[in-house]
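These are the residues of each chain, in order.
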Amino acid sequence: MGAECKCQCEQDNKLDALFAQYKGNPNGLIVVMAAIQESQGYLPKDLLVRTAEELGVPLSDVYGVATFYAAFSLRPRGRHTVNLCLGTACYVKGAPEVQAMLEKEMGIKAGNTTEDRRFSLDLVRCLGACGIAPVMTVNGEVYPRMTAEKVAEILAKYE
């Protein structure tokens, strides 16, 4: 527990320093939000409120930025991000079956994060790898020619 506290305290200190650096400066909004996203894994409401207060930005603007950029998440994300392509080639070659198995194995629907925050499952429109469809990535690692039968084995690699 001591190491976990030390890590969290260091993250809190870094955020405090960033808030101090950009106090009253709306131009630091994305920098501060990116730092929060990196340290927390998502943008918690209390830190968004603090961001608005510290930078002197309306909370509605902070939420506007948070919801506009796909890199930001308002919900906790998993340690591992699984992206499944549902573009035309992937769809035709079996991505819906892979999606069904991913959702079954993870116990969540696409767009969500497992309760233990191990995985987040996202559907994307194209990964630019139509020749090896259907394609899935886990933390950026590409898994070509996916089948529902391969899902459990691949997920097991990410304990």
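Residues numbered from 1 in each chain as written. Predicted model: local features only at pLDDT ≥ 70, side-chain atom pairs only at ≥ 80, totals over all residues. Heavy atoms only, no water.

A. View of the overall build of the chain. Counting its secondary structure elements, the chain contains seven helices and four strands. Sequence-ordered secondary structure for the chain, helices as α and strands as β, is α-α-α-α-β-α-α-β-β-β-α. Seen through its principal axes, the chain has C-alpha atoms that stretch 50 × 35 × 20 Å. Residue pairs at least 24 apart in sequence account for 61% of intrachain contacts in the chain once pairs closer than 6 positions are excluded. A total of about 9200 Å² of accessible surface is found on the chain, and carbon and sulfur atoms cover 55% of it. Across the chain, 17 positive and 19 negative side-chain charges occur, with their mean positions spaced 5 Å apart. (Helix = DSSP H or I, 4+ residues; strand = E, 2+ residues; numbered from the N terminus. Contact = heavy atoms within 4.5 Å. Areas by Shrake-Rupley, 256 points an atom, 1.4 Å probe, with all protein chains shown as cover. Lys, Arg positive; Asp, Glu negative; His and termini not counted. Charge placed at Lys NZ, Arg CZ, Asp CG, Glu CD.)

B. A look at the domain arrangement of the chain. Here the chain is partitioned into domain 1 (7-68) and domain 2 (80-158). When each unit is reduced to the centre of its C-alpha atoms, the spacing between domain 1 and domain 2 is 31 Å. (Domains from an automatic or database assignment.)

C. Representation of the environment of threonine 51. Counting through the fold element by element, threonine 51 comes out in helix 3 (residues 45-55). A sequence separation of 18 residues divides threonine 51 from methionine 33, and the C-alpha atoms of the two residues are 7.8 Å apart. Filtering out sequence-adjacent residues up to four positions away, threonine 51 remains in contact with Phe19, Leu29, Val32, Ile36 and Gly56.

D. Highlighting the packing of aromatic side chains. Inspection of every chain in the model, using the stated rule, returns two aromatic pairs. Consider the rings of tyrosine 69 and phenylalanine 72, whose centres lie 6.3 Å apart with planes at 90 degrees: the pair is edge-to-face. Through successive ring pairs, a cluster of aromatic residues spans Phe68, Tyr69 and Phe72. (Phe/Tyr/Trp six-rings, centres within 6.5 Å; stacked < 30°, edge-to-face > 60°.)

E. Structural view of the UniProt feature "binding site: [2Fe-2S] cluster" (unreviewed entry) in the chain. The UniProt feature table records "binding site: [2Fe-2S] cluster" (unreviewed entry) at Cys85, Cys90, Cys126 and Cys130. A compact arrangement is adopted by the annotated residues: their sequence extent is 46 residues, whereas the largest C-alpha distance between any two is 9.4 Å. Along the chain, the position of cysteine 85 falls in strand 1 (residues 80-85). Ignoring sequence-local partners within four residues, the contact set of cysteine 85 consists of Cys90, Ala95, Val124, Arg125, Cys126, Leu127 and Val135. With respect to the element layout, cysteine 126 can be found in the loop between strand 2 (119-124) and strand 3 (136-138). For cysteine 126, a relative accessible area of 51% corresponds to the exposed category. (UniProt positions renumbered as here; feature names shortened; annotations may be inferred. Buried < 20%, exposed > 50% of the residue type's maximum accessible area, 1.4 Å probe, protein only.)

F. Spatial organisation of the nonpolar core. Among the nonpolar cores identified, the biggest contains 23 residues, and Val82, Leu102, Met106 and Met136 are the most heavily contacted of them. For methionine 136, the contacting residues outside a window of four places in its chain are Val82, Asn83, Leu84, Leu102, Glu141, Val142, Tyr143, Met146 and Ile154. Listed in part, the 18 residues of the second largest apolar core include Tyr22, Leu47, Ala52 and Val57. (Core = buried A, V, L, I, M, F, W, Y, C linked by side-chain atoms within 4.5 Å.)

G. Spatial organisation of the sheet that holds strand 3. Spatial strand order, 2-1-3-4: four strands in an open sheet with mixed pairing. Whereas interior strands pair on both sides, the edge strands pair on one side only; in this sheet they are strand 2 and strand 4 (141-143). Between one strand axis and the next, the sheet turns through 20 degrees on average, direction left out of account. Note that strand 1 and strand 3 share three bridges and pair antiparallel. Across the sheet, residue asparagine 83 finds its bridge partner in strand 3, namely threonine 137. Most of the contacts of helix 6 (residues 95-106) go to strand 1, to which it runs at about 155 degrees, and overall it touches strand 1, strand 2 and strand 3. (Pairing = 2+ DSSP bridges. Axes fitted to C-alpha atoms, helices over the stretch in contact; angles between N-to-C directions.)

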